[in-house]
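# Reading the structure
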Protein chains: 2
Amino acid sequence: MKSIRNLFVLLAIAFGGVTTTQAQDPLPSWNDTAPKKAVVAFVEKVTKEGSPDFVPLAERIATFDNDGTLWCEKPLPVQLFFTLDRVKALAPQHPEWKTSEPFASLLKDDLKGALAGGEKAILEMMAATHAGMTVTDFHKIVSDWIATAQHPKYKRPYTECVYQPMLELVSYLRANGFKTFIVSGGGSEFMRPWAEKVYGIPPEQVVGSSGKTKFEMRDGIPVLMKLPAVNFIDDKEGKPIGINEHIGHRPIAAFGNSDGDLQMLQYAGAGSSVRFCLYVDHTDAEREFAYDRKDSLAKLDKGLDEAAAKGWTVVSMKDDWKTIFPPVKQ
Amino acid sequence: MKSIRNLFVLLAIAFGGVTTTQAQDPLPSWNDTAPKKAVVAFVEKVTKEGSPDFVPLAERIATFDNDGTLWCEKPLPVQLFFTLDRVKALAPQHPEWKTSEPFASLLKDDLKGALAGGEKAILEMMAATHAGMTVTDFHKIVSDWIATAQHPKYKRPYTECVYQPMLELVSYLRANGFKTFIVSGGGSEFMRPWAEKVYGIPPEQVVGSSGKTKFEMRDGIPVLMKLPAVNFIDDKEGKPIGINEHIGHRPIAAFGNSDGDLQMLQYAGAGSSVRFCLYVDHTDAEREFAYDRKDSLAKLDKGLDEAAAKGWTVVSMKDDWKTIFPPVKQ
């Protein structure tokens, strides 16, 4: 697609697209604080032809974590809400769940009890709800759920609990010739059905965790069945590994919000050209949630120390963002 | 990238790009036989807005096998020539190879003896040559090798032993809004260093077999080390699995040349919209190599039967292609 992206950028310049976008402020939901200035300075550097920091289009790769970086992950990650809802929906077909944990507690609406088993309990519920169907059927299950489910605090669809400043940032990078990827611990098959509509990121640019699949013929039709077995965990050290496997370049910019993103930021930050690493720090208890060093599921602790040591950009949601979520849809 | 591709197609129309290309014959190296007519009819159908067969840009995904489909895989697959050359280059650091097979035979220039151990021997030589370095170092090793190595029969670089008619086809599809992917049994890290230059297909659109990697800090620099362990074999049932994992859509067009591509063609061929499946049949002993039903490494047998039964397009290289390779570079 190199030629297409070249053409796009040439035409954007010819028609004044890039200039107009910049003149109109590409990041209107960001306060004029250091993080916004750092983003803009980076983009201007790498796109300025003839400058020593210029980066050719093919290398303008930016990777974004999803949970907590592009959308809200509190009070629980969205895929976990999906999992809990699916357990309830499938319960009539599984009478045995009434007497076995973590299902039994969940079916009695005891969420705390259901999650008491920690990662093992969550994996068990995921295996029970994310396998046993074709990838096409799973895609439809996710699409149907995400179209109707609502965030418990904001009472709006999860796809509207995305961060408006990050939507602007993703678009701004794309307008400057970046290819944008999601690199998330969440399931790639959970994100792909809606990521293009919400972020403009197509399925082939979504890298996530995955389960194993099996190629089968069903009535002469080839299908991929989802199996209850982990294929890949796209978290921590897995993020650079997933980036290498799927993207095959070292990104020049990476965006995260937890220690699970640290290795991705380290990996992106270490190339020979100008790089940009940014952490979203959840500091806004009033408009969203405040959590970082002490969180149990999405701790940002080592990451904050390393950001300080390396001069990475840290966004304080409270101080650096004018708005958190997009306007309510009519 | 949906918006970029939309823009590209709009502009191609505005500036007459697509029309001009078509008027100039986008497939000049193809004879005017049935395969060319079938390709053109397919592309015209899926790109005609308002027609019931119209396919939106986001779904215009085409996948190509590499060995034997885009470039020559005889007398041996190119990656095997690379492996053999690397064994020889690394031999001084491995005195033990003088007395252990398959290395010992190869180092005495007994290729037949080295390959006598079949797949096990090949995997052993690959593990010895494709691991123990960073992915960045491996990229450089491949780049250096491919820049100088020559095909034993044609005495030209392997990257010029690509099929001119397929180069035209890949470009023709892209000019019509398709996103083109390689889906090959070959190693993704072996193809990525040169695939963009040769086919216009960037690293992130190359899906192949892969070895495991490990994230490590070396002198404070994060690197990915290549380990001598298989991660994924992108062949047969692995091709649809790899497509789902990396691309996340069912392609609407797929191109192969062996039974190793059969499941990819079945998978692409089974969707609800118009589909296109094509086999390249190696029938040209004079200009290239003649092999299909009887070949040991790249048999096309079941695939030919299924193509006949399902009406897939089969290219006879001898009858349907005017030229095989690009003109010799000056």
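Refer to the structure above for everything that follows.
Everything quoted here is computed from the prediction, not taken from an experiment.

Here we come to unusual backbone geometry. A cis amide bond, omega 0 degrees, links B:Lys74 with the succeeding residue B:Pro75. Here B:Pro75 lies in the loop between strand 1 (61–64) and helix 4 (78–90). B:Glu101 connects to B:Pro102 through a cis peptide bond whose omega is 5 degrees. Note on placement: B:Pro102 falls in the loop between helix 4 and helix 5 (103–107). Positioned with a positive phi, A:Asp219 is a non-glycine residue whose angle comes to about 50 degrees. Relative to the helices and strands, A:Asp219 resides in the loop between strand 3 (206–218) and strand 4 (221–232). By relative accessible area, which is 81% here, A:Asp219 ends up exposed.

Here the focus is the interface of chain B and chain A. Taken together, the contacts link 48 residues of chain B with 48 residues of chain A. Surface buried jointly by chain B and chain A totals about 4,100 Å² across both partners, of which 60% is contributed by carbon and sulfur atoms. Taken together, the connections running from chain B to chain A amount to 2 salt bridges. Measuring nitrogen to oxygen at the nearest pair gives 2.9 Å for the salt bridge that ties B:Glu204 to A:Lys179. Taken together, the links from chain B to chain A amount to 19 residue pairs in polar contact (both at pLDDT 80 or more). Among the elements that take part in the side of chain B that touches chain A, helix 1 (residues 2–14) of chain B stands out by supplying 6 residues, more than any other.

To continue, consider the relation of the copies chain B and chain A. The two copies are related by a screw operation: chain B maps onto chain A through 180 degrees of rotation and 0.0 Å of translation along the axis, at an RMSD of 0.0 Å. The symmetry that links the two subunits is that of a two-fold axis. When the interface residues of chain B are mapped onto chain A, 100% of them are again interface residues, pointing to one common binding face.

Moving on, we get to the pairing of strand 3 (residues 206–218) of chain B. All names here are of chain B. As defined by bridge partners, strand 2 (residues 179–187) adjoins strand 3 across 3 bridges and the pair is classed as parallel. By the bridge assignment, Val183 is partnered in strand 3 with Val207. Strand direction decides the pairing type here: strand 3 and strand 4 (residues 221–232), joined by 8 bridges, are antiparallel. Residue pairing across strands places Ser210 opposite Phe232, the latter belonging to strand 4. Here strand 3 folds back onto strand 4 in antiparallel fashion, the turn holding 2 residues, of which Asp219 has a positive phi close to 55 degrees.

Let's shift gears to the pattern of salt bridges. Summed over all chains, the structure comprises 35 salt bridges over all chains. Residues A:Asp109 and A:Lys88 are paired through a salt bridge, measuring 3.1 Å at the closest nitrogen-oxygen approach. Placement of A:Asp109 in the loop between helix 5 (103–107) and helix 6 (111–115) and of A:Lys88 in helix 4 (residues 78–90) is noted, with a sequence separation of 21 residues between them. Residue A:Asp109 is classed as exposed on the basis of its relative accessible area, which comes to 60%. Of the residues examined, A:Lys88 reaches a relative accessible area of 37% and is grouped as partly exposed. The shortest N-O distance in the salt bridge between B:Asp295 and B:Lys74 comes to 2.8 Å. Of this pair, B:Asp295 sits in the loop between strand 7 (290–291) and helix 13 (302–310) while B:Lys74 sits in the loop between strand 1 and helix 4, placing them 221 residues apart in sequence. When sorted by exposure, B:Asp295 lands in the same class as B:Lys74, which is buried. By sharing partners, the salt bridges in this structure join A:Asp25, A:Asp32 and A:Lys36 into a single network.

Criteria and cut-off values
Residues numbered from 1 in each chain as written. Chains lettered and ligands numbered in written order. Predicted model: local features only at pLDDT ≥ 70, side-chain atom pairs only at ≥ 80, totals over all residues. Heavy atoms only, no water. Helix = DSSP H or I, 4+ residues; strand = E, 2+ residues; numbered from the N terminus. Buried < 20%, exposed > 50% of the residue type's maximum accessible area, 1.4 Å probe, protein only. Contact = heavy atoms within 4.5 Å. Buried area = accessible area lost by both parts, 1.4 Å probe. Salt bridge = Lys/Arg side-chain N within 4 Å of Asp/Glu carboxyl O. Polar contact = N/O pair within 3.5 Å; in protein donor to acceptor, adjacent residues only side chain to side chain. Least-squares fit on C-alpha atoms with pLDDT ≥ 70 in both. Pairing = 2+ DSSP bridges.

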